[in-house]
Amino acid sequence: MQHLAEERVRALAQTVAHTFADEVEHLEACPDCRAHFFHLASRARNREYRSALSVSADRTLNQVSRVAEERIDAPTRLAELLALPGAERDVAVATNPRYQTYALAVYTLERCEKAVPYDPAIARMLARLAGQIAARTDPRTCGGNDALIDLEAYALAMEGNALRVSGALPLAAKVFSQARLLQEHSGIDLDLAARIDCL
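Cut-off values and rules
Residues numbered from 1 in each chain as written. Predicted model: local features only at pLDDT ≥ 70, side-chain atom pairs only at ≥ 80, totals over all residues. Heavy atoms only, no water. Buried < 20%, exposed > 50% of the residue type's maximum accessible area, 1.4 Å probe, protein only. Helix = DSSP H or I, 4+ residues; strand = E, 2+ residues; numbered from the N terminus. Arc of directions from axis to C-beta. Salt bridge = Lys/Arg side-chain N within 4 Å of Asp/Glu carboxyl O.

Draft legend 1. Region of the structure containing helix 4 (residues 86-95). Three or more residues of helix 4 are buried, namely Arg89, Ala92 and Val93. Looking down the long axis of helix 4, one finds its buried residues gathered within 95 degrees of arc, a one-sided arrangement. For helix 4, the exposed residues lying more than 90 degrees away from the buried face are Ala87, Val91 and Thr95.

Written as structure tokens, this is what we have:
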């Protein structure tokens, strides 16, 4: 445990001595009251800690439930988006929180990966859609800005992969480069750069 700075100890002692002069004098003279005081102070600190821990645990459990629901809903949400014409799809992602979740972006990229060898055009559209979703997702609902940037970088890489498979090599190289640059400067997933390079 690190000691308090000398000026902080002095300020605390002056405040306590001034405000509780009679009580401090009694605590100095009475070992039983002093022990009881420190016991009560410790219990109050522990109660505050337990209360904070309880609030934190409740928030975490709520987040876990929300994320589980978003994962379950992702296939339905993607089907809804794909049923819309392109311009309406863009508006839905930009304005409707149901289409702004990390789980939906991840699921869209999973579908994209499966589509690349069979239909690179659909895969490219899915990669772009995943990037749009990631860009609109609230960072407080997932791993933060860095996690979202990693997801956007991976969406770009999957778009580059779809372009590569379709034979648009110069454009694919440009998009791969954008993905690596985005991930290197802002992302946190150390393995993502290697995964992008493997595409």
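Draft legend 2. Spotlight on the pattern of salt bridges. According to the stated counting rule, one finds 6 salt bridges in the structure shown. With its nearest N and O atoms 3.1 Å apart, the salt bridge here joins Glu159 to Arg124. Taken together, the positions of Glu159 in helix 7 (residues 145-165) and Arg124 in helix 6 (residues 120-136) put the pair 35 residues apart, joining distant regions of the chain. A relative accessible area of 7% means that Glu159 is categorised as buried. The shortest N-O distance in the salt bridge between Arg128 and Glu159 comes to 2.9 Å. With Arg128 in helix 6 and Glu159 in helix 7, this pair connects stretches of sequence that are 31 residues apart. We classify Arg128 as partly exposed; its relative accessible area is 45%.

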